[in-house]
Amino acid sequence: MKYFSLIIVLLLISCKNKEDILLPKSNITEISDVQDHSPIYIFFRVNGKDTLAEVNRKNSIITTNWILNIDKRLPLKLVIPEVMKLQDKKRKEKAHKNEKAENYYSYADSIKKNMAFIPFTKVYYTIGIPEKKYYVFHFRKGNDLVLSDNLEVKKSELIKDFYNIKFERIPEVVFLFDKNMSYGEYIQNKILVREFNSYGVDPISPKEFIF
């Protein structure tokens, strides 16, 4: 209920300023409660024919958990560079560093009607393509088929298919996301691959690639 109220507050604030943030939606709650947090907003803006990502982090405190509220309509090519700047600032902080402070993406659970969160503190983003030494899951914009090491697999069968492969040694897996994919679709894919955590061996690298 506390976070449902938070959604209402965000809407009231946005109405007052004639702007809003449309959060991604899912029917799964990864994490439902984050204490001691600071909100950071990345707004969807349009200037003529150009789409812009506008960051508002004036209320962020470096020693707290950061919750990034990002408009789902923004493409990754605009979102991730801004996220990288925020991560870099927090990682380089020395004087007031809090090793326990995490970073989270927010989204809305459409079933439970509450705010939900997914951590990304340990993710290191790269703009570009992965080296050949990795096993790559390539998520393409608006496509229900994922390239699993260049073979097309349905998203719903991706993890099961991977663990059905008879590897001599389980490879290190990295994700490659289409830079034109919306942030909303990206979060849905992130929630999907979190299912790897339910297996005894998690091969997912903290590296993610945007290209």
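(A) Representation of the packing of aromatic side chains. The final tally for this structure, using the stated rule, is 20 aromatic pairs. Their ring planes at 55° and their centres at 5.8 Å tell us that Tyr163 and Phe196 sit as a pair that is tilted. Linking Tyr163 in helix α3 (residues 158-164) with Phe196 in the loop between α4 (183-193) and β12 (204-210), this pair joins segments that are 33 residues apart in sequence. We classify Phe196 as buried; its relative accessible area is 0%. Directly above the ring of Phe44 sits Arg73, whose terminal nitrogen or CZ lies 4.3 Å from the centroid.

(B) Highlighting the layout of surface pockets. Of the volumes computed, that of the second largest pocket is approximately 400 Å³. At the level of secondary structure, the elements contributing two or more residues to the lining of the second largest pocket comprise α4 and β12. The biggest single contributor to the lining of the second largest pocket is β12, with four residues. Here the residues of the lining of the second largest pocket sort into eight nonpolar, three polar and six charged.

(C) Representation of the side chain of Glu185 within the structure. Mapped onto the elements, Glu185 comes out in helix α4. Taking the relative accessible area as the measure of exposure, Glu185 reaches 14% and is therefore buried.

(D) Structural view of the confidence of the model for the protein chain. Averaged over every residue, the pLDDT of the protein chain is 90; the share at 70 or more is 90%. Contacts for the low-pLDDT stretch residues 1-9, under 50 throughout, to residues beyond four places or in other chains number twelve contacts. The low-confidence segment residues 11-16 (pLDDT under 50) makes two contacts with residues lying over four places distant or belonging to another chain.

Cut-offs applied
- Residues numbered from 1 in each chain as written.
- Predicted model: local features only at pLDDT ≥ 70, side-chain atom pairs only at ≥ 80, totals over all residues.
- Heavy atoms only, no water.
- Phe/Tyr/Trp six-rings, centres within 6.5 Å; stacked < 30°, edge-to-face > 60°.
- Helix = DSSP H or I, 4+ residues; strand = E, 2+ residues; numbered from the N terminus.
- Buried < 20%, exposed > 50% of the residue type's maximum accessible area, 1.4 Å probe, protein only.
- Lys NZ or Arg CZ within 6 Å of the ring centre and 35° of its normal.
- 1 Å grid on protein atoms, 1.4 Å probe; cavity = no way out; pocket = protein on both sides within 12 Å on 5 of 7 lines; lining within 4 Å.
- Points joined across faces, edges and corners; volume = space filled by probe spheres on them.
- Nonpolar A, V, L, I, M, F, W, Y, C, P; charged D, E, K, R; others polar.
- pLDDT = per-residue confidence, 0-100.
- Contact = heavy atoms within 4.5 Å.

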